[in-house]
Every structure is written in C-alpha cells, then in structure tokens.
Amino acid sequence: MSAKVLEPKTTRRQFGQSIGTMLAAAYISPKFLQGVTGGRLKGFSRADAILINSNENPYGPSPHAVAAITGSEAVACRYPDDLYARAVKSIADLHHVDEEKVALGCGSTEILRVCDAAFVGADKQLVVAEPTFEAVSYYAQVSRASAVKVPLTSDFRHDLPAMANACATGVGLVYICNPNNPTATINTRGEFADFLSKVPASTYVLVDEAYYHFVEDPHYSSVVDMIPDHPNLIVTRTFSKVYGMAGMRLGYAIAQKETLEPMRRELLFDNGNAAVLSAAVASLADPDIVPTNKRRLNDTRNWVTSELTKSGYRVIPSQANFFMVDTGNDVQPVIEAFHQRKIIVGRKFPSMGNWLRVSVGKPEEMQKFLAAFRQIVPAPQKSAAAA
Ligand SMILES: Cc1ncc(COP(=O)(O)O)c(C=O)c1O
C-alpha cells in the first residue's frame with residue numbers, strides 16, 4: 001500500500017502534483033485481506049487460537065437469530081425474494097426511511113465495492129484518510145482510480161476540513177469511517193455537518209458506520225438523518241459487528257433512491273441468502289442484542305485498556321470494540337510473538353507502524369492477551385510514560 005499521502009497543509013498546486021504521483025502508485029495487493037483474516041496459522045488451527053484480529057464479536061448472534069437460521073432450512077430450496085423484502089422492510093423501519101432508500105450487500109464490503117464501481121474511475125479519484133479501513137482503496141484500484149490519502153489529526157481522527165479541501169474537481173468519492181478502523185476514534189455530528197456543507201455536490205460521501213453501536217461519546221451521532229438534505233450521502237452498516245454475524249455476510253446502504261440506482265446496477269442478484277436474511281430480521285426484532293453486546297464488549301475494553309494505561313502503555317481512547325496500543329517499536333515482531341502464543345492480533349497499519357490493533361474478545365481471552373502483551377512489550381520507562 002504505497003499510495004501517496006498528502007501533507008496536512010497541501011497547497012492546490014502540490015495537490016495536483018500529488019495526484020500525478022499517485023497515478024503511478026503501486027497496486028494495493030489483496031495481502032491486506034490476508035492481514036484481515038490473520039493469514040495462515042502456523043502449526044495450530046483457528047479453533048485453538050484466540051482471535052482478536054478482525055473486530056468480530058465473540059458472543060455470536062442473538063438466540064432469536066440462531067433460531068431463524070435453523071428455521072431457514074424450510075425455505076432453503078427457494079430464491080429468497082420474500083425474505084429479502086422483509087429484511088429491507090425491517091432495516092427501513094429501524095432507520096425511519098422508505099424501503100427504496102435501502103440496498104443490501106453481501107457484508108458491507110459489497111456496498112463499499114459497489115460505491116467504487118459506481119463513483120470512481122480513471123478520471124474520478126477517491127479521497128480517504130490514512131490510515132483507515134483499506135477495502136475502499138483496494139476496490140478503487142480495481143476501478144483504475146487513484147486515491148488521495150489525507151493523514152489523521154494529531155489525536156488520530158479524520159481531518160475533515162483537510163478532506164473537504166482535497167475534494168477538488170475530479171474527486172468521485174470520499175470515504176469516512178466513523179468510528180475509524182483502526183484507531184477507533186470518532187468525528188462529531190457538528191464536524192460532519194460542516195464537512196457536508198463544504199464537499200462539492202458532485203462528490204459522493206460514503207460514511208461507514210460499521211462500529212456505530214459501540215460509541216458512547218455524546219457528540220457522536222449517525223448521519224442517516226442528514227440523507228434527505230444531501231443527495232450525495234451514503235451510509236453503510238453491517239450485521240458483522242454488534243450483531244455477531246460476521247460469518248453470515250450481510251450489510252446495507254442507506255441513501256436517496258437516485259443515489260442508490262448506479263450502485264444497485266453493480267450489486268449481485270440475490271446477494272443475501274435465506275439464512276442471513278432471516279437472522280437479520282430476527283436480530284432487529286430482538287431488543288436486547290445491541291445493548292447487551294455493547295455493554296459487555298465496552299466493559300471488557302475499558303478494563304483492558306485501563307490495565308494497559310496503568311502499566312504505562314499509550315492507548316488511543318476507543319469508541320469501538322477494538323483499540324490501538326503503542327508498542328514503542330515496529331509492531332510486526334510483536335504480531336509474530338503473539339502468533340507463537342496462538343493469539344492472533346490485528347495487522348500492521350504501515351502509517352502507524354508501532355501501533356498494535358487489538359479486537360475486544362471475552363474477558364478470559366483478554367486476560368491472556370494482557371499477560372502476553374506484558375511479556376512481549378517492555379513497559380515504557382516511567383518518565384516516558386508520564387510525558
Ligand atoms: C470499517 C469497516 N467497514 C466494513 C467492514 C466490512 O464488514 P462486513 O463484514 O460487513 O463486510 C469492516 C470489517 O472489519 C470494517 O472494519
């Protein structure tokens with residue numbers, strides 16, 4: 001991943017030069033996808049490992065969703081048209097929007113991919129933060145588009161004013177991951193309102209709210225309710241995180257009907273299977289699944305991050321079911337040392353090369369993580385920790 005990163009204060013001329021350089025940037029290899037899955041495990045199976053690498057939810061689906069998955073056996077021989085319509089209706093009701101404003105994806109990854117297919121290309125760039133979730137940059141290259149990468153602020157958040165400035169003519173799509181993966185930081189509602197007022201109407205704004213449910217910061221909100229005023233706004237959500245169904249594959253987009261049209265052309269027919277569509281409807285009807293998973297994952301996160309902080313390690317305050325901790329040196333040997341202990345942690349993000357991303361598991365898993373972390377990463381000197 002060697003696309004050019006813009007300096008925070010880039011002039012318009014430098015911006016043009018950067019784009020020129022980026023056209024020649026190296027192709028992002030799907031290697032990052034290997035990093036997402038933890039790659040090949042050496043000498044042990046996934047069942048024997050602690051998996052805290054992909055921001056999954058170890059508690060799994062709602063019991064109602066499990067029952068619905070089992071029940072979907074009865075309709076497995078039919079194409080899932082009715083179930084598709086029911087899932088769309090449940091999602092539309094949840095967000096108080098018309099059904100025509102909802103599009104389903106095979107995971108939100110499919111939505112991210114079709115946004116690239118629809119809105120970027122050789123003459124329409126992508127603007128993203130650096131670092132952020134890589135799928136949108138990856139699929140933009142499949143669409144032969146170059147990416148303008150805007151560094152995060154000093155407190156590891158999207159630099160929305162700089163990203164708005166980067167949306168000059170010729171930018172087809174800007175991607176904002178809120179909370180951001182890998183830093184688990186947020187941008188506030190006020191910052192978004194300002195950002196949306198500055199981005200040209202010809203640039204589509206893709207806001208990825210995969211980790212929306214975990215946020216506790218009162219200045220944060222979804223931007224779904226800004227869609228009526230912004231035809232260029234697309235919001236994505238997923239059933240992979242708080243709903244515990246990463247293996248089932250369902251996500252969705254909400255946007256104005258006309259905005260979804262070019263995206264729908266790129267979607268696979270019948271991209272949701274009977275089991276996951278039934279499970280989604282059942283999950284949305286379960287009033288307990290979101291608050292229960294939010295509480296237990298956030299409690300575990302708060303406990304483990306406060307232990308790390310007490311020991312002098314630097315942790316970025318997290319608003320999601322994962323966090324980043326500074327290892328003080330290149331993180332790659334740390335990742336490998338965890339692997340030897342059968343603990344699979346997050347991949348390296350090259351622009352934050354000393355930082356380890358850790359997903360929140362069950363308390364007993366995080367106890368093992370903490371013990372291993374203390375063995376692998378020497379605690380910072382007291383004076384450095386106080387700085
Ligand atoms: C920010 C973000 N968006 C989207 C995804 C993809 O999720 P899905 O399982 O819905 O394809 C991930 C997965 O980790 C993610 O971190």
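Use the structure listed above.
The paragraphs below set out a description of the structure included in this document. For every chain, the first residue of its written sequence is number 1, and the numbers climb from 1 along that sequence. It should be noted that, the model being predicted, local features are given only for residues of pLDDT at least 70 and side-chain atom pairs only at 80 or more, the latter also being counted only at that level, while totals for whole chains, interfaces and linings use all residues. Only hydrogens and water are set aside; all other atoms, that is, all heavy atoms of the structure, feed into the side-chain values.

### So, the site of the ligand
The criterion, for reference: The cutoff for a nearby residue is simple: one of its non-hydrogen atoms must lie within 4 Å of the molecule or strand. As used in this structure description, the phrase polar contact means that two N or O atoms lie within 3.5 Å; if the pair is within protein, one of them must be able to donate a hydrogen and the other to accept it, and residues adjacent in sequence are counted only when both atoms belong to side chains. Here the Shrake-Rupley method, with its probe set to 1.4 Å, supplies the accessible areas, and only the displayed protein chains count as covering residues. Secondary structure elements are taken from DSSP: a helix is a run of H or I of four residues or more, a strand is a run of E of two residues or more, and numbering for both begins at the N terminus. Only Asp, Glu, Lys and Arg are considered charged, only Ala, Val, Leu, Ile, Met, Phe, Trp, Tyr, Cys and Pro nonpolar, and every remaining residue, Gly among them, polar.
Every one of the 14 residues lining the ligand counts as a neighbour, but Thr109, Asp208, Tyr211, Thr238 and Ser240 are closest to it. Contact between the ligand and tyrosine 211: an oxygen atom at 2.6 Å from a side-chain N or O atom of the residue. When the free accessible area of the ligand is taken as 390 Å², the share hidden by the protein chains comes to 93%. The set of elements that each furnish at least two residues to the shell around the ligand consists of α5 (107–119) and β5 (171–177). In terms of residue count, the dominant contributor to the shell around the ligand is α5 (three residues). Its residues placed into classes, the shell around the ligand shows five nonpolar, six polar and three charged.

### Let's talk about the side chain of serine 359
Worth spelling out the cut-off: Here, two residues are considered to be in contact whenever any of their heavy atoms come within 4.5 Å of each other.
On the secondary structure map, serine 359 appears in strand β11 (residues 355–359). A polar contact of 3.5 Å, which involves the side chain of serine 359, links it to the backbone nitrogen of serine 54. Setting aside residues no more than four positions away along its own chain, serine 359 makes contact with Ile52, Asn53, Ser54, Asn55, Asn321, Phe322 and Met366.

### Side note on the packing of α5 against helix α6 (residues 135–142)
Rules: To obtain each axis, a line is fitted to C-alpha atoms, and for helices this fit is confined to the stretch in contact; angles are then taken between N-to-C directions over 0 to 180 degrees. Here the word oblique covers every angle except those under 35 degrees (roughly parallel), over 145 (roughly antiparallel) and from 65 to 115 (roughly perpendicular). Here a crossing is called left-handed whenever its near helix is offset anticlockwise from the far helix by less than a right angle, and right-handed whenever the offset is clockwise.
Where α5 meets α6, the axes come as close as 8 Å, and the angle between the chain directions of the two elements is 40°. In terms of axis orientation, α5 runs oblique to α6. With respect to the hand of their crossing, α5 and α6 are arranged in right-handed fashion. In this structure, α5 contributes Thr109, Leu112, Arg113 and Asp116 to the contact, and α6 contributes Ala135, Val136, Tyr139 and Ala140. Residues of the contact of α5 with α6, tallied by class, amount to five nonpolar, one polar and two charged.

### Looking at the sheet that holds strand β2 (residues 102–105)
What counts here: Pairing between strands is defined by DSSP: at least two bridges between the two strands are required.
Spatial strand order, β2-β8-β7-β6-β5-β3-β4: seven strands in an open sheet with mixed pairing. Edge positions in the sheet fall to β2 and β4 (147–151), since each of these pairs with one other strand and no more. Each neighbouring strand pair of the sheet contributes to a mean axis angle of 20°, computed without reference to strand direction. As judged from the four bridges shared by β2 and strand β8 (residues 251–254), these two strands associate in the antiparallel manner. Bridge pairing in β8 places leucine 104 opposite tyrosine 252. Sitting on the sheet, α5 is in contact with β2, β3 (125–130), β5, β6 (204–208), β7 (233–238) and β8, with an inclination near 155° to β7.

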